[in-house]
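So the chains spell out like this:
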Amino acid sequence: MDATTLGALLVGVGGLASAVVAAIGKRGENAITGYSSLTNDLQEERDALRVQLAEAHAQHAAAQAEIARLRAVVTALGGDQP
């Protein structure tokens, strides 16, 4: 095997190795993109649940205030509180 053939063979092997490295890198990039997307989705869901929880707390506080008001009405009308 002469130097030209050996050089051509090494260039071919180098090209093949570069293609394999590029494919592996792209696969890793796709995985990272997928994880980032999943993280973003989870953060959006968490934020929506925080809003729902805040609304539930507000409704609970409003219900407690209404209960207190109705107890005062019952007492004012001469009734007994439980």
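Residues numbered from 1 in each chain as written. Predicted model: local features only at pLDDT ≥ 70, side-chain atom pairs only at ≥ 80, totals over all residues. Heavy atoms only, no water.

*Asks:* Please clarify how the overall build of the protein should be interpreted in this entry.
*Replies:* Of regular secondary structure, the protein possesses one helix and zero strands. Its C-alpha atoms give the protein a radius of gyration of 35 Å, more than 25% over the compact-globule value 12 Å for 82 residues. Along the three orthogonal principal directions, the C-alpha set of the protein runs to about 115 × 15 × 5 Å. Looking at the protein as a whole, 0% of its 82 residues qualify as buried. Working note: accessible area of the protein is about 7,000 Å², and carbon and sulfur atoms make up 65% of it. For the protein, the distance from the average site of its 6 positive side-chain charges to the average site of its 9 negative ones is 5 Å. (Helix = DSSP H or I, 4+ residues; strand = E, 2+ residues; numbered from the N terminus. Rg over C-alpha atoms; globule rule 2.2 N^0.38 Å. Buried < 20%, exposed > 50% of the residue type's maximum accessible area, 1.4 Å probe, protein only. Areas by Shrake-Rupley, 256 points an atom, 1.4 Å probe, with all protein chains shown as cover. Lys, Arg positive; Asp, Glu negative; His and termini not counted. Charge placed at Lys NZ, Arg CZ, Asp CG, Glu CD.)

*Asks:* What is the right way to read the pattern of salt bridges from this model?
*Replies:* For the structure on display, the rule yields two salt bridges. A salt bridge links aspartate 47 to arginine 46, with the shortest nitrogen-to-oxygen separation between them at 3.3 Å. What makes aspartate 47 partly exposed here is its relative accessible area of 36%. By relative accessible area, arginine 46 is classed as partly exposed at 39%. (Salt bridge = Lys/Arg side-chain N within 4 Å of Asp/Glu carboxyl O.)

*Asks:* Which parts of the structure should I look at to understand the environment of arginine 27?
*Replies:* Looking at the secondary structure, you find arginine 27 in helix H1 (residues 3-76). Judged by relative accessible area, arginine 27 falls into the exposed class, the value being 67%. Through-space distance from the C-alpha of arginine 27 to that of alanine 56 is 43 Å; in sequence the pair is 29 residues apart.

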